Amino acid sequence: MPLSATPRILVVDDEEAILYVFERYLSVAGYDVAVANNGFDAVRAGEAGPFDLLITDFRMPGMNGIEVIHALRRLKPGLPALVISGNPIEAGKMPDGVRFLSKPVSMAGLLGIIPSLIGQGA
């Protein structure tokens, strides 16, 4: 089966409104977007097929964003990731290949860095 040329992005956040905004905005920008409202659903989505980029909230019930990254990188080593949090001190040091953005996120800024993030995983 040929791979799609459209990059696949998984967005993980426990707030439905944020998932909706990211899904709509990234889809309109031409990305194939999947969403999960917790880390466990994100891992299931990763098991169903690979993603080119993970965008995750840091603080979520069950699994935090860093735990989601580690779980998905067991499935796809080197998966580029972006952690979003309102509290950079709480999030701490990011794993290799992970970018950090503070809330609120500028969608224009986000779209500006996605190509370089996806390029890291190529």
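Everything numeric in this text was worked out from a predicted model, so none of it was measured. (Residues numbered from 1 in each chain as written. Predicted model: local features only at pLDDT ≥ 70, side-chain atom pairs only at ≥ 80, totals over all residues. Heavy atoms only, no water.)

A. Structural detail: the UniProt feature "modified residue: 4-aspartylphosphate" (unreviewed entry) in the chain. Those places that UniProt annotates as "modified residue: 4-aspartylphosphate" (unreviewed entry) correspond, in this numbering, to Asp57. Along the polypeptide, Asp57 turns up in strand E3 (residues 53-57). Filtering out sequence-adjacent residues up to four positions away, Asp57 remains in contact with Val12, Asp13, Asp14, Gly65, Ile84, Ser85 and Lys103. (UniProt positions renumbered as here; feature names shortened; annotations may be inferred. Helix = DSSP H or I, 4+ residues; strand = E, 2+ residues; numbered from the N terminus. Contact = heavy atoms within 4.5 Å.)

B. Representation of the environment of Asp32 within the structure. Residue position: Asp32 is located in strand E2 (residues 32-36). For Asp32 and Arg8, which are 24 residues apart along the polypeptide, the C-alpha to C-alpha distance reads 4.7 Å. Each residue touching Asp32, except ones within four places of it in the same chain, is listed here: Thr6, Pro7, Arg8 and Ile9. In terms of polar contacts, Asp32 uses its side chain to reach the side chain of Arg8, at 3.4 Å. (Polar contact = N/O pair within 3.5 Å; in protein donor to acceptor, adjacent residues only side chain to side chain.)

C. Highlighting the packing of aromatic side chains. On inspection of all chains with the given rule, the structure shows zero aromatic pairs. A cation over a ring is seen here: Arg8 above Phe51, with NZ or CZ 4.2 Å from the ring centre. (Phe/Tyr/Trp six-rings, centres within 6.5 Å; stacked < 30°, edge-to-face > 60°. Lys NZ or Arg CZ within 6 Å of the ring centre and 35° of its normal.)

D. Broad picture of the pairing of strand E4 (residues 81-85). Burial within E4 is extensive, with five of its five residues counted as buried. On E4, burial covers both faces: Ala81, Val83 and Ser85 on one face and Leu82 and Ile84 on the other are all buried. Looking at chain direction, E3 and E4 are connected through four bridges and run parallel. When the sheet's bridge partners are listed, Leu54 is paired in E4 with Ala81. As a crossover connection, the stretch from E3 through helix H3 (residues 65-75) into E4 is right-handed. (Buried < 20%, exposed > 50% of the residue type's maximum accessible area, 1.4 Å probe, protein only. Pairing = 2+ DSSP bridges. Right-handed = clockwise from strand over helix to strand, strands pointing away.)

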